[in-house]
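Results of the structural survey
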Amino acid sequence: MRRGSVMGVLMVLMGLVVMPLLVNGGGHDYGKALSKSLLFFEAQRSGVLPNTQRVNWRSNSGLQDGKASGVDLVGGYYDAGDNVKFGLPMAFTVTMMSWGILEYGKQMAGSGELGHALDAVKWGTDYFIKAHPQPYVLYGEVGDGNTDHYCWQRPEDMTTDRRAYRIDSDNPGSDLAAETAAAMAAASMVFRTHDPAYSGELLNHAKQLFDFADKYRGKYDSSITVAQKYYRSYSGYADELLWSAAWMYQATNEEYYLDYLGNNGDSMGGTGWAMAEFGWDVKYAGAQVLASKFLMQGKAGRHTAVFERFQQKAEYFMCSCLGKGTRNVRRTPGGLLFRQRWNNMQFVTSASFLLTVYSDYLSSSSARNAITCSSGSASPSELLSFAKSQVDYILGDNPRATSYMVGYGSTYPQQVHHRASSIVSIKVDPSFVSCRGGYNTWFGRKGSDPNLLDGALVGGPDAYDNFADERDNYEQTEPATYNNAPILGVLARLGGGSGGYNQLLPVMLPNPSTPAMINPPNSTPHPKPSLPAPVTQTSSPIIVEQKATTSWRYNGRTYYRYSTVVTNNSGKTVTDLKLSLAKLYGPLWGLSKSGEAYAFPKWLNSLPAGKSFEFIYVQAASPIDVKVSGYILV
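Keep in mind it's a predicted model, so treat the numbers as computed, not measured.

Enumeration over the complete set of coordinates arrives at 32 aromatic pairs. On the basis of an interplanar angle of 35 degrees and a centroid distance of 6.0 Å, the ring pair of F86 and Y230 is categorised as tilted. Here Y230 lies in helix α8 (residues 228-231) and F86 lies in strand β1 (residues 85-86), a separation of 144 residues in the sequence. Among the residues examined, F86 registers a relative accessible area of 2% and is labelled buried. A relative accessible area of 2% places Y230 in the buried class. With a centroid separation of 5.9 Å and 45 degrees between ring planes, the pair formed by Y560 and Y562 is classed as tilted. A relative accessible area of 14% means that Y560 is categorised as buried. Taken together, F92, W99, W243, W247, F278 and F353 form an aromatic cluster joined through their ring pairs. When the ring centre of W123 is taken as origin, the NZ or CZ atom of R45, which lies over that ring, is 4.6 Å away. If you follow R330 out to its NZ or CZ, it ends over the ring of Y464, 5.6 Å from the centre.

Laid out in structure tokens, this is it:
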């Protein structure tokens, strides 16, 4: 269904300010809500699901994506209740998840959810790497909304058109390329300490994509016209270029990107647009908040005057949300920010995140301790308190006493507008669900969904706090990844507190709770699990031998360390070796990524006759499948 953000409202968002109704103040379990929110992303996965998949009613899907175009586009996320992969909202989703981790990763680690959050980001960035096969080529959509919406099928049963659509130098899409660059840049910081090689790969893609976006300018939906009905870029691409430049500067610390913000802030609207919304389409408020952060960090330099204008507009956004501005965001009688009747929740969670992070920027700043609005000042605690009120409304403190997060609380939506959750799991009933048969059997069914879409944030109530829990009420009952992504950081902050962190300083993320190469302190090594039998694969003249060298129990699961020895069984030297790895779910050492294949480690250029080299990986599964896909004998 359409999620559109209409540019015309940039000038007409008039506010109605009313006092919220008195609601239950018993408090919420923000840690539980965070855990559920992350589960939703697993339900939205496309591609080959890993053995760590917790949403077990889902199965593999979209396994031929990209094949007709000669590119591997398996993976990524379905955006909402349909089975299309839309690049622009997916990239925004990953950017916002990454931002939440960068600001509140320590709180996520404290609740045991950092590892799941990293997994959620990587599921998106792995797909973006595939979708960006050349510097000036980016695939921005798989599937067609028109044919997809004609059908009501599980992702596992899809019979709809899975055509892939791309932008390139002849068919540009600056907004799509810039947002994807922002996602890659933000994620590169997330993985900088956990996986430096992967972080570097993401940053290289981000640099190429930003160059692509800036050099070949144009709206992506003029090139990928099938997206216009669903994710039209009403705001154009100037906001994405500024937003992306801000992320590029944070990720690289290169003056070029700071200068880009300073030199283009006025001409591209960053210092001119006074915003009262933030979301997948309109990024100005996010760019303004990041520019304000740079100013408060003392990094603006010769661009200080421009960055002060960025900050004025950032604080205009805060004042509008608080109801203290000259053009305030409307609220429902129950106190929820209300922007539009169609999936209003996306704007609530995005605004709540900006309020939360700006509150902590102010608290960390020695120069400012409040913002000035037309109707009075606002302290950091007031900004955070208002963000909390929005989250509490979502979780059940509202006139209907309904949680708009599926699975949280005692009352929540039961008939979600979501194909996968509304049709019996293929693991329960593997019978094929046809395109129109799904509508006849499952769409019109009045019972609760057979699969719980845990953690999904639905579109939410109307302007008067009314909500109809009906599957065909897609304006209110359809969830979306970009509803959930911004709330991750807010929930982590509310559940974990400030912790005394200075949000203007670089954040060093702790290690998530993942298995190490040796027995962790709290692991249970006895009784020792039996090791899988060695596996030998030959593809003369290359021999591949695998065996598990150790194992351990951790959090109820058995992890294995596998040693894989590759031997040159010929009488010549092997160069340009390419290995294809399948069913790899854990970390790997001793190989270099080469496109979709793996090659010699960086310290090895060739393998003489009779010689071997070893690579190692760890996972809670059987050995991977290794195939020799190419080599040269010299």
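Following the structure, the description resumes.
So, about empty space enclosed by the protein. All chains considered together, the criterion is met by 3 cavities of 30 Å³ or more. Estimates place the volume of the largest cavity at around 80 Å³. What lines the largest cavity is a set of 13 residues, and nearest its centre among them are A276, E277, V329, F347 and A351. Those elements that place two or more of their residues in the lining of the largest cavity are α12 (304-322) and α13 (345-364).

This structure, assessed with the given rule, holds 25 salt bridges. A salt bridge links D454 to K36, with the shortest nitrogen-to-oxygen separation between them at 3.0 Å. Here K36 lies in helix α1 (residues 30-43) and D454 lies in the loop between α16 (435-443) and α17 (474-477), a separation of 418 residues in the sequence. Judged by relative accessible area, D454 falls into the buried class, the value being 17%.

Glancing now at the sheet that holds β1. Read from one edge of the open sheet, 3 strands run β1-β2-β3, paired in antiparallel fashion. Looking at strand neighbours, the two that pair on one side only are β1 and β3 (164-168), the edges of this open sheet. Sheet analysis places β1 next to strand β2 (residues 137-142), joined by 2 bridges and oriented antiparallel. From the neighbouring strand, K85 faces β2, where its bridge partner is V142. Running at roughly 95 degrees to β2, helix α5 (residues 174-190) makes contact with β2 and β3 of the sheet.

Taking 1.5 Å of rise per residue, 16 residues should cover 22 Å, and helix α18 (residues 481-496) covers 23 Å from first to last C-alpha, within 8% of that figure. Where α18 bends most, at I487, the angle is about 30 degrees. By the criterion of burial, α18 is predominantly enclosed, with 14 of the 16 residues buried. Residue G497 follows α18 closely and has a positive phi angle near 75 degrees.

With that out of the way, let us pick up the nonpolar core. Residues W99, W243, W247, F307 and Y358 are the most contacted members of the largest nonpolar core, which totals 158 residues. If sequence neighbours within four positions are ignored, W243 has contacts with F92, T95, M96, W99, E179, A182, F278, K283, G286, A287 and L290. With 20 residues, the next largest nonpolar core counts Y562, V574, F615 and V628 among its residues.

Moving on to helix α6 (residues 196-215). An α-helix turns once every 3.6 residues. As a result, residues three or four positions apart point the same way. The end-to-end C-alpha distance of α6, which contains 20 residues, comes to 28 Å, matching closely the 28 Å that a straight helix rising 1.5 Å per residue would cover. Those residues of α6 not exposed but buried are Y198, S199, L202, L203, H205, A206, L209, F210, F212, A213 and D214. Contact partners of the buried residues in α6: α3 (114-131), β2, β3, α5, α9 (238-252) and α10 (255-264).

This part is about the state of the cysteines. Two cysteines joined by a covalent bond between their sulfur atoms form a disulfide. By the definition in use, this model includes 2 disulfides. The disulfide that involves C151 links it to C435, with 1.9 Å between the sulfurs. Since a negative S-S torsion denotes a left-handed disulfide, the C151-C435 link at about -85 degrees is left-handed. Highlighted residues: C151 in the loop between α4 (145-150) and β3 and C435 in helix α16, separated in sequence by 284 residues. Using a relative accessible area of 6% as the deciding quantity, one classes C151 as buried. C435 gets classed as buried once you look at its relative accessible area, which sits at 15%. Counting only the cysteines that take part in disulfides, in the order they occur along the protein, gives the pairing 1-4, 2-3. C319 provides the cysteine sulfur closest to C321, a residue in no disulfide bond, and the two sulfurs are 9.4 Å apart. Since its relative accessible area comes to 1%, C321 is described here as buried.

Conventions used here
- Residue positions within a chain follow its written sequence, with the count starting from 1.
- Since the coordinates come from a predicted model, pLDDT governs what is reported: local features require at least 70, and pairs of side-chain atoms require 80 or more to be given and counted, while whole-chain, interface and lining totals use all residues.
- Side-chain metrics in this entry use all non-hydrogen atoms of the structure; hydrogen atoms and water are not considered.
- Each Phe, Tyr or Trp ring, with Trp reduced to its six-membered ring, pairs with another whose centre is within 6.5 Å; inter-plane angles below 30 degrees give stacked pairs, above 60 give edge-to-face pairs, and intermediate values give tilted ones.
- Every helix listed is a DSSP run of H or I at least four residues long, and every strand listed is a run of E at least two residues long, numbered separately from the N terminus.
- Partly exposed describes any residue whose relative accessible area lies between the buried limit of under 20% and the exposed limit of over 50%, with all areas from a 1.4 Å probe on protein chains only and scaled to the type maximum.
- For a Lys NZ or an Arg CZ to count as sitting over a ring, it must be within 6 Å of the ring centre and within 35 degrees of the ring normal.
- Every definition here rests on a 1 Å grid over the protein atoms only: cavities are sets of points where a 1.4 Å probe fits but cannot get out, pockets are open sets enclosed by protein on both sides within 12 Å along at least five of seven lines, and lining residues have some atom within 4 Å of a point.
- Grid points are joined across faces, edges and corners, and a volume is the space filled by probe spheres set on the points.
- The term salt bridge refers to a pairing of a side-chain nitrogen on Lys or Arg with a carboxyl oxygen on Asp or Glu at a separation within 4 Å.
- Criterion used throughout: strands pair if DSSP finds at least two bridges between them.
- The criterion used for residue contact is that any of the two residues' heavy atoms lie within 4.5 Å.
- Angular values range over 0 to 180 degrees, each being the angle between N-to-C directions of two axes fitted as lines to C-alpha atoms, with helices fitted over their stretch in contact.
- Expected span, for any helix, means 1.5 Å times one less than how many residues it has.
- At every residue, the bend is computed as the angle between two fitted axes, covering the seven residues ending there and the seven beginning there respectively.
- Nonpolar core, defined: a set of buried Ala, Val, Leu, Ile, Met, Phe, Trp, Tyr and Cys residues in which side-chain atoms within 4.5 Å join the residues together.
- When the sulfur atoms of two cysteines come within 2.5 Å, that pair is taken as a disulfide.

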